[in-house]
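Read off the chains here:
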Amino acid sequence: MADDREYERAKARVRARRELYIHASIYLVVNAMLFLLNVFATPGHWWFYWPLFGWGMGLASHAVAYSFASREGGEAEEAAIRREMERHAHV
């Protein structure tokens, strides 16, 4: 039972990491294309940095959320679960 739960947590962490890497890859590819589009279509008017900045904030928040979620796993999560179970066992 505990092994199954640990396996599912590890699986969720791997999935979250993969999703972050996919997000970052798409960010790089799309923004490189937007840069090239900007260079060739409107070289005198620079606009590519607006989506780069806006989407970059979204990617950064995704990375921060992943970072916090990764740290919450393991022993800290187990301790929180035990405290919650103890608290409700007395009710």
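Scroll up a little and you will see the structure.
Read on for an overview of the structure. (Residues numbered from 1 in each chain as written. Predicted model: local features only at pLDDT ≥ 70, side-chain atom pairs only at ≥ 80, totals over all residues. Heavy atoms only, no water.)

### Looking at the overall build of the protein chain
When its secondary structure is counted, the protein chain shows three helices and zero strands. Ordering the α and β elements of the protein chain from the N terminus gives α-α-α. Every one of the 91 residues in the protein chain was classed for burial, and the buried ones make up 13%. Excluding contacts between residues fewer than 6 apart, the proportion of contacts in the protein chain whose partners are at least 24 apart in sequence is 63%. Carbon together with sulfur atoms contributes 68% to the accessible area of the protein chain, which is approximately 7,200 Å² in total. (Helix = DSSP H or I, 4+ residues; strand = E, 2+ residues; numbered from the N terminus. Buried < 20%, exposed > 50% of the residue type's maximum accessible area, 1.4 Å probe, protein only. Contact = heavy atoms within 4.5 Å. Areas by Shrake-Rupley, 256 points an atom, 1.4 Å probe, with all protein chains shown as cover.)

### Some remarks on the packing of aromatic side chains
Using the criterion set out here, one finds six aromatic pairs in the structure. Between Trp 46 and Phe 48 the ring centres are 6.0 Å apart and the planes differ by 80°, which places this aromatic pair in the edge-to-face class. For Trp 46, a relative accessible area of 40% corresponds to the partly exposed category. Taking 5.2 Å as the distance between ring centres and 45° as the angle between the ring planes, the aromatic pair formed by Tyr 49 and Trp 50 counts as tilted. (Phe/Tyr/Trp six-rings, centres within 6.5 Å; stacked < 30°, edge-to-face > 60°.)

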